[in-house]
Amino acid sequence: MNELAIAIFGMLAVFVILQTRYALAFVSSLRLPSSKTIQDKLLPKAAVILSLRGADPFLADCVRALLNQNYPQYDLHIVVDSQEDPAWNIVNETIQQAGATHVQVSPLVARHNTCSLKCSALVQAICTLDDSYEVVAFIDADVIAHPNWLRELVAPLVDERIGVTTGNRWYMPHTQQWGSLVRYAYNSASVVSMYIYKYAWGGSMAMKLSVLQQAQLLKTWTQSISVDAPVHRALQKIGLRVEFVPTVMMINREECDLARCLRFIQRQLLMPRLYHPKWMLFFVQVLAPTFALVIAMGLLLISLVSGNIVVAVWVGGGFVGYILAMVLLLTLLEQRVRRVVGGSGEPTRSFWFQFIAKILLAIPLAQLVSALATVLALLTRNVEWRGVVYQIKDPYNVQLLEYHPYQISLQPLDSKASIV
C-alpha cells in the first residue's frame, strides 16, 4: 500500500506541475491593452452576427452594447429562432428605444436539418452580406461587449497570418450556488486548455470573409453541431492560425444549478470528442486527476482506519496539496483576468473569504462532475440544446430530430439563470 500511496502522490504532483505550466502560459498572454489604437480608416467594414434562441438573462444589455461599438463602419445582424421566441420582442423593443438604424433583425428561415440551429442562423446571416463587408464578428447573447470590443477583435486581422481572432468566456457568479461555482471552476481550466490548443470560442470571434470562404466554413457549419470547434482544423488546412486577444475576454454573470451545470459541461465535452484531433488524450487529461483524487480519498480513509500513518501522510498530503495548488492557480487566473477586463470598464469585485472557502470544495466537486460529464459525452449520441434534440452519428453527420419554436415555459424561473 505504501508504494501505491507514493505513486498517487507522484501522479498528483505531476498534474500540478503540468497545470501550473499551462496556467502560467495563459497568464503571460493576459497583457493589458496597448495605448496605441488603429486608425478608423484602416478598419474594414464589419458585420456583427448574433443568433438567438430563448431570451438570455441580460439580452437587452447585450444588444444595447452591440449597438454602441466604437467602430467606424459596422452593422449588427440578429437572427432570432422565430417570431414566437421570447427574444424577438426584447430585441425589437431595445432597438426601438435606442433609435438604431445599423441593425437588421430576421427570423431563422433557412433552417438546415443537418446542423445546429445556431449554425443555420450564422450561415443565413452571412449569406445575406454584400461585397462591401470584409470582416464578420460573432458574439453570444450571454455576454455584454465593452465599447471597444469589435475594434480590438478586428484590429489583429491586418496580419495576413491570422485567420481568426478570439477571446473567451469567464464566469463571475454573484451568488454561491454550487452549480455556478462548479461551472466557474470547470470553465477556468477549459479557458486555459483552449488557449494552449489554440482553439477559438464562437462567443467572441472574428474573421475576414475571404478567410471564411477559403476555409469553406459555410459548408462545414451546415453539417456541424458546433460553430467554433471545427474552426481550428479548417484554418490549419489553409495555413492560418487562431490569435487569442485577451482584451475581448467576456464576462458572464449568469447563475446555474448543478443539474444545468452538468448538462452544460457534458455538451462542452462532447465537442472535443467530435472535433479534437487528439480527443482520447484530451479526455485522459480530464479523467486522470479525478481518478487519482478518488483513489487518494479511498486510501486516506483506509489508512486512517488501519492506523497506517505513512500512507495517510502521502495520500493526504497529495490530495490537500493538489486542491490548494488548484485554488492558488485559480486565484492567479482570476486576478489577471479581472485586471484585463477591468481595464475595459467591466465592473469586478474582489474575492471574499466565504467564496474562497467554497472554492476549496467546488474544485474537487468540479473534478467529479467533469469526470461524469466526460463519460456521458463519450456515450451520448443525442444532445439537447435549448429544447431541441440532435442526433450525432459522427462529427459531420448531424440530424435535427424535431424542431419546435422556443417556448416561454423553457425559460428558467431565476431571471439570472443560464439557458442550457
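What counts and what doesn't
Residues numbered from 1 in each chain as written. Predicted model: local features only at pLDDT ≥ 70, side-chain atom pairs only at ≥ 80, totals over all residues. Heavy atoms only, no water. Helix = DSSP H or I, 4+ residues; strand = E, 2+ residues; numbered from the N terminus. Buried < 20%, exposed > 50% of the residue type's maximum accessible area, 1.4 Å probe, protein only. Contact = heavy atoms within 4.5 Å. Lys, Arg positive; Asp, Glu negative; His and termini not counted. Charge placed at Lys NZ, Arg CZ, Asp CG, Glu CD. UniProt positions renumbered as here; feature names shortened; annotations may be inferred. Pairing = 2+ DSSP bridges. Axes fitted to C-alpha atoms, helices over the stretch in contact; angles between N-to-C directions. 1 Å grid on protein atoms, 1.4 Å probe; cavity = no way out; pocket = protein on both sides within 12 Å on 5 of 7 lines; lining within 4 Å. Points joined across faces, edges and corners; volume = space filled by probe spheres on them. Nonpolar A, V, L, I, M, F, W, Y, C, P; charged D, E, K, R; others polar. Phe/Tyr/Trp six-rings, centres within 6.5 Å; stacked < 30°, edge-to-face > 60°. Lys NZ or Arg CZ within 6 Å of the ring centre and 35° of its normal.

Trainee: Lay out the overall build of the protein chain in plain terms, naming residues and giving numbers.
Mentor: When helices and strands are tallied, the protein chain shows 13 helices and 12 strands. Across the 420 residues in the protein chain, those meeting the buried criterion constitute 55%. The long-range fraction of contacts in the protein chain, counting pairs at least 24 apart against all pairs at least 6 apart in sequence, stands at 81%. For the protein chain, the centre of its 34 positive side-chain charges and the centre of its 28 negative side-chain charges are spaced 7 Å apart.

Trainee: Can you lay out the UniProt feature "transmembrane region" (unreviewed entry) in the protein chain for me, pointing to particular residues and giving the numbers?
Mentor: The feature "transmembrane region" (unreviewed entry), as given by UniProt, occupies residues 279-302, 309-332 and 352-379 in the numbering adopted here. Helix and strand shares over residues 279-302 are 100% and 0% respectively, and the end C-alpha atoms of the span are 35 Å apart. Taken as a whole, residues 309-332 contains 100% helix and 0% strand, while its terminal C-alpha atoms sit 33 Å from one another.

Trainee: Hey, could you go over the sheet that holds strand β10 (residues 382-385) for me, with residue numbers and the actual values?
Mentor: Taken in spatial order, the three strands of this open sheet run β10-β11-β12, and their pairing is antiparallel. Only two strands of the sheet have a single partner each, and these edge strands are β10 and β12 (397-402). Along the sheet, successive strands turn relative to each other by an average axial angle of 30°, direction set aside. Bridge count for β10 against strand β11 (residues 388-394) is four bridges, and the pairing is antiparallel. Looking at the pairing, E384 lines up with V389 of β11. Against the sheet, helix α10 (residues 258-275) touches β10 and β11, its axis set at about 130° to β10.

Trainee: Just give me the short version of empty space enclosed by the protein, but keep the residues and values in it.
Mentor: Tallying each qualifying case throughout the model produces five cavities of 30 Å³ or more. In this structure, the second largest cavity spans a volume of roughly 80 Å³. In terms of lining, the second largest cavity is formed by F26, T166, G167, N168, V191, M194, Y195, K198, Y199, V242 and F244. Of all the secondary structure elements, the ones that give two or more residues to the lining of the second largest cavity are α6 (178-196) and β8 (241-244). For the lining of the second largest cavity, the leading source of residues is α6, giving three residues. Across the lining of the second largest cavity, the residue classes break down as seven nonpolar, three polar and one charged.

Trainee: I'd like a rundown of the packing of aromatic side chains, residues and numbers included.
Mentor: All chains considered together, the criterion is met by 11 aromatic pairs. Both rings, one in Y171 and one in F264, keep their centres 6.2 Å apart while their planes meet at 85°; by these two values the pair is edge-to-face. Separated by 93 residues along the polypeptide, Y171 in strand β6 (residues 169-171) and F264 in helix α10 bring together distant segments of the chain. Considered together, Y171 and F264 belong to a single accessibility category, that of buried residues. Linked through ring pairs, F26, Y195 and F244 together constitute an aromatic cluster. In this structure, K45 is placed above the aromatic ring of Y133, and the distance from its NZ or CZ to the ring centre is 4.3 Å. A cation sits over an aromatic face here: K198 above Y195, 4.3 Å from the ring centre.

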